[in-house]
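# Fold and geometry: a report
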Amino acid sequence: MWIGTFNGLNRFDGYKFKCYYSQQDNPKTLSQNTINVIFQDSKFNLWVGTDKGLNKYDEKTETFTQYYHLNDSGKVSIENNIRTIYEDANGLFWIGFYGGGVRVFHPSTGVFEEIPELLSQLNILGLSKVNSFLADSKGTYWIGTELGSLIAYTPTSKAIKQYLPSNTNHNTVSHRIISALIEDKNGNIWIGTWGNGLDMLDRKTNTFKHFRYSKGGSNTIASNTITSLLLDKKGVLWMGTF
């Protein structure tokens with residue numbers, strides 16, 4: 001079991017813990033100690049996203065290879081705070097940055113590629129801080145951002161749609177900060193927000209439902225601040241809250 005913390009990466013084998021930390025002068029260690037995302041790819045490689053860079057774990061040597069998004073001068077960019085990792089059918093990683101939008105990472109070359117139309121639109125809308133990412137069953141990529149709410153991006157057509165909260169229109173997301181995303185077996189998109197509960201987009205009717213914490217209520221979510229979403233094998237939705 002791998003556990004990401006604000007102070008390094010922990011591995012628990014059922015009996016004891018082993019901790020991995022960043023060492024400034026050792027490039028075979030973690031690039032940084034704040035762990036935001038742990039991801040296993042289709043080849044069973046372990047990847048770790050931190051506040052500064054991406055890391056690939058070598059199980060044989062128990063060391064890491066560090067990868068960074070570089071700026072135009074070839075130096076490490078300030079935009080290396082990695083929050084989400086998704087692997088597409090071609091083995092490429094769609095990386096969500098907190099402050100750098102979304103870029104495609106090529107594991108074979110270690111290069112982060114920009115998606116011009118998406119990066120440009122995110123920058124225009126001020127949505128470069130990405131919290132969550134979901135590739136749904138219809139080929140749409142959903143991007144949950146900080147303050148800019150929810151973005152739907154279709155790679156094949158390059159179409160981009162933004163969902164924003166509204167005081168007058170309740171048929172939309174309820175909050176600007178989107179913290180978690182997941183799709184259920186019916187194709188519905190569940191949207192966790194940071195402060196205004198849980199939303200559900202019915203893709204068949206294109207309508208939203210909203211679920212919020214109610215003090216003293218017996219049939220309510222535990223908190224309006226959603227940190228994570230999980231669907232189990234029975235289709236039951238579980239929420240992590242704050």
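### Observations regarding the overall build of the chain
- Counting its secondary structure elements, the chain contains 1 helix and 21 strands.
- Against the globule reference of 18 Å for 242 residues, the chain gives a C-alpha radius of gyration of 19 Å, in line with a compact fold.
- Burial statistics for the chain: of 242 residues in total, 43% are counted as buried.
- Partitioning the contacts of the chain with sequence separation of at least 6, the portion at a separation of at least 24 is 39%.
- A total accessible area of about 13500 Å² is found for the chain, and carbon and sulfur atoms account for 50% of it.
- Both charge centroids of the chain, one from 24 positive and one from 21 negative side chains, sit 4 Å from each other.

### Regarding the sheet that holds strand 9 (residues 93–97)
- Pairing in this open sheet of 4 strands is antiparallel, and the strands run 8-9-10-11 from one edge to the other. Of all the strands in the sheet, the pair left with one neighbour each is strand 8 (82–87) and strand 11 (111–114). When the angles between neighbouring strand axes are averaged without regard to direction, this sheet yields 30 degrees.
- Pairing geometry for strand 10 (residues 101–106) and strand 11, over 4 bridges, is antiparallel. Opposite Val104, over in strand 11, you have Glu113 as the bridge partner.

### Re the packing of aromatic side chains
- Inspection of every chain in the model, using the stated rule, returns 24 aromatic pairs.
- Where Trp94 meets Tyr153, the ring centres are 6.4 Å apart and the plane angle is 50 degrees; that geometry is what we call tilted. Residue Trp94 is located in strand 9, and its partner Tyr153 is located in strand 14 (residues 150–154); the two are separated by 59 residues in the primary sequence. Pair check on accessibility: Trp94 and Tyr153 agree, each one buried.
- A connected cluster of aromatic rings, assembled from ring pairs, spans Phe39, Trp47, Tyr67, Phe93, Phe97, Phe105 and Phe112.
- Over the ring of Tyr98 we find Arg83, and its NZ or CZ is 4.2 Å from the ring centre.
- The aromatic ring of Phe97 is capped on one face by Arg103, whose charged end is 5.8 Å from the ring centroid.

### Considering the environment of Tyr86
- Of note, Tyr86 is situated in strand 8.
- Those residues in contact with Tyr86 that lie beyond four places of it in its chain are Leu92, Phe93, Trp94, Phe133, Ala135 and Tyr141.

### A closer look at the side chain of Ser31
- As for its placement among the helices and strands, Ser31 is situated in the loop between strand 3 (17–20) and strand 4 (35–40).
- Judged by its relative accessible area of 11%, Ser31 falls in the buried class.
- Looking at Ser31, its side chain comes within polar contact range of the main-chain oxygen of Lys52, at 2.7 Å.
- Excluding residues that lie within four positions of it along the chain, Ser31 makes contacts with Ser22, Thr50, Lys52, Gly53, Leu54, Asn55, Gln66 and Tyr68.

### Examining the nonpolar core
- If you look at the biggest cluster of nonpolar residues, it comprises 13 residues, and the most contacted ones within it are Trp94, Val102, Leu118 and Ile143.
- Among the elements of the structure, strand 10, helix 1 (116–125), strand 12 (130–135), strand 13 (141–145) and strand 14 are those that each provide at least two residues to this core.
- Sequence-distant contacts of Leu118, defined by excluding residues within four places in its chain, comprise Val102, Ile143, Tyr153 and Ile160.

Cut-offs and rules
Residues numbered from 1 in each chain as written. Predicted model: local features only at pLDDT ≥ 70, side-chain atom pairs only at ≥ 80, totals over all residues. Heavy atoms only, no water. Helix = DSSP H or I, 4+ residues; strand = E, 2+ residues; numbered from the N terminus. Rg over C-alpha atoms; globule rule 2.2 N^0.38 Å. Buried < 20%, exposed > 50% of the residue type's maximum accessible area, 1.4 Å probe, protein only. Contact = heavy atoms within 4.5 Å. Areas by Shrake-Rupley, 256 points an atom, 1.4 Å probe, with all protein chains shown as cover. Lys, Arg positive; Asp, Glu negative; His and termini not counted. Charge placed at Lys NZ, Arg CZ, Asp CG, Glu CD. Pairing = 2+ DSSP bridges. Axes fitted to C-alpha atoms, helices over the stretch in contact; angles between N-to-C directions. Phe/Tyr/Trp six-rings, centres within 6.5 Å; stacked < 30°, edge-to-face > 60°. Lys NZ or Arg CZ within 6 Å of the ring centre and 35° of its normal. Polar contact = N/O pair within 3.5 Å; in protein donor to acceptor, adjacent residues only side chain to side chain. Core = buried A, V, L, I, M, F, W, Y, C linked by side-chain atoms within 4.5 Å.

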